[in-house]
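# Notes for the structure review
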Amino acid sequence: MEMDKSLISRSMVMLVLKLLEDRDMYGYQMVNELRRRSDDSFHLKAGSLYPLLYSLEEKGYVTSFETVSDDNRARRYYHLTKTGGKVLREKESAWENYANAVRRVLRGGACCAEV
């Protein structure tokens, strides 16, 4: 079953920040890691990722730096800032509240969960 693109779109900031929580990454790494962690459910395109990263950088959630790899290629890495970490925790909490509310509804409501 294909994922609802609007759900993915609305959660992408949180997912990208989460990827950067563990380590600095460049764009292609993020695309592959998101695909891996989602068991091949999320297929983020560079055309969607880079505008998002630029936006996150403008807001101060991430910073970027360029480095040259072993194969002499310039790569731009992204780093989660302290502010970005705080935003990530807020988004994770909001997501958990939302997901729990949806689960309650799907299971018949809070009143019916223990029946």
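First, a word on scope: everything that follows refers to the structure included in this document. (Residues numbered from 1 in each chain as written. Predicted model: local features only at pLDDT ≥ 70, side-chain atom pairs only at ≥ 80, totals over all residues. Heavy atoms only, no water.)

## Quick word on helix α3 (residues 46–58)
Taking 1.5 Å of rise per residue, 13 residues should cover 18 Å, and α3 covers 18 Å from first to last C-alpha, within 8% of that figure. Considered for burial, the residues of α3 that qualify are Leu49, Leu52, Leu53 and Leu56. An end-on view of α3 places all buried positions within 105 degrees of arc, on one side of the element. Summarising the geometry of α3, the exposed residues directed more than 90 degrees from the buried face are Gly47 and Glu58. Just downstream of α3 lies Gly60, where phi reads positive at about 85 degrees. (Helix = DSSP H or I, 4+ residues; strand = E, 2+ residues; numbered from the N terminus. Expected span 1.5 Å × (residues − 1). Buried < 20%, exposed > 50% of the residue type's maximum accessible area, 1.4 Å probe, protein only. Arc of directions from axis to C-beta.)

## Considerations on the environment of Ala74
With respect to the helices and strands, the residue Ala74 is situated in strand β3 (residues 74–80). When its relative accessible area of 54% is taken as the criterion, Ala74 is described as exposed. Apart from the residues lying within four places of it in its own chain, the contact partners of Ala74 are Glu66, Thr67 and Val68. (Contact = heavy atoms within 4.5 Å.)

## Notes on the packing of helix α2 (residues 27–37) against α3
Interaxial distance between α2 and α3 falls to 10 Å at its minimum, and their mutual angle equals 115 degrees. On the basis of the axis angle, α2 is roughly perpendicular to α3. Of the two possible hands of crossing, α2 and α3 adopt the one that is right-handed. Facing α2, whose interface residues are Gly27, Tyr28, Met30 and Val31, α3 presents Leu49, Tyr50 and Leu53. When the residues that make up the contact of α2 with α3 are grouped by side-chain class, the tally is 6 nonpolar, 1 polar and no charged. (Axes fitted to C-alpha atoms, helices over the stretch in contact; angles between N-to-C directions. Parallel < 35°, antiparallel > 145°, perpendicular 65-115°, else oblique. Left-handed = near helix turned anticlockwise from the far one by under 90°. Nonpolar A, V, L, I, M, F, W, Y, C, P; charged D, E, K, R; others polar.)

## Description of a nonpolar patch on the surface
Among the surface-exposed residues, Trp95, Tyr98, Val102 and Leu106 lie close enough to one another that they form a single nonpolar patch of about 420 Å² accessible area. For Leu106, a relative accessible area of 71% translates into the label exposed. (Patch = residues over 30% accessible without salt bridge, like charges linked within 9 Å, V, L, I, M, F, W, Y side chains within 5 Å. Areas by Shrake-Rupley, 256 points an atom, 1.4 Å probe, with all protein chains shown as cover. Salt bridge = Lys/Arg side-chain N within 4 Å of Asp/Glu carboxyl O.)

## With respect to the packing of aromatic side chains
On inspection of all chains with the given rule, the structure shows 4 aromatic pairs. Ring geometry for Tyr26 and Tyr77: centres 5.3 Å apart, planes at 80 degrees, overall edge-to-face. Residue Tyr26 is located in strand β1 (residues 25–26), and its partner Tyr77 is located in strand β3; the two are separated by 51 residues in the primary sequence. This pair shows no difference in class: Tyr26 is buried, exactly as Tyr77 is. Pairing Trp95 with Tyr98 gives two aromatic rings, centres 5.7 Å apart and planes at 45 degrees, and the pair type is tilted. In this pair, Trp95 and Tyr98 are both assigned in helix α4 (residues 82–106), 3 residues apart and thus about one turn of the helix distant. Counting every residue linked through ring pairs, the aromatic cluster contains Tyr26, Phe65 and Tyr77. (Phe/Tyr/Trp six-rings, centres within 6.5 Å; stacked < 30°, edge-to-face > 60°.)

## Quick look at the sheet that holds strand β2 (residues 62–68)
Pairing is antiparallel across the open sheet formed by 3 strands, whose spatial order is β1-β3-β2. Two strands in the sheet have a free side with no partner beyond their single neighbour: β1 and β2. As paired strands, β2 and β3 are joined by 7 bridges and run antiparallel to one another. Residue pairing in the sheet places Ser64 in a bridge with Tyr78 of β3. Packing against the sheet, α3 makes contact with β2 and β3, and its axis sits at approximately 120 degrees to β2. (Pairing = 2+ DSSP bridges.)

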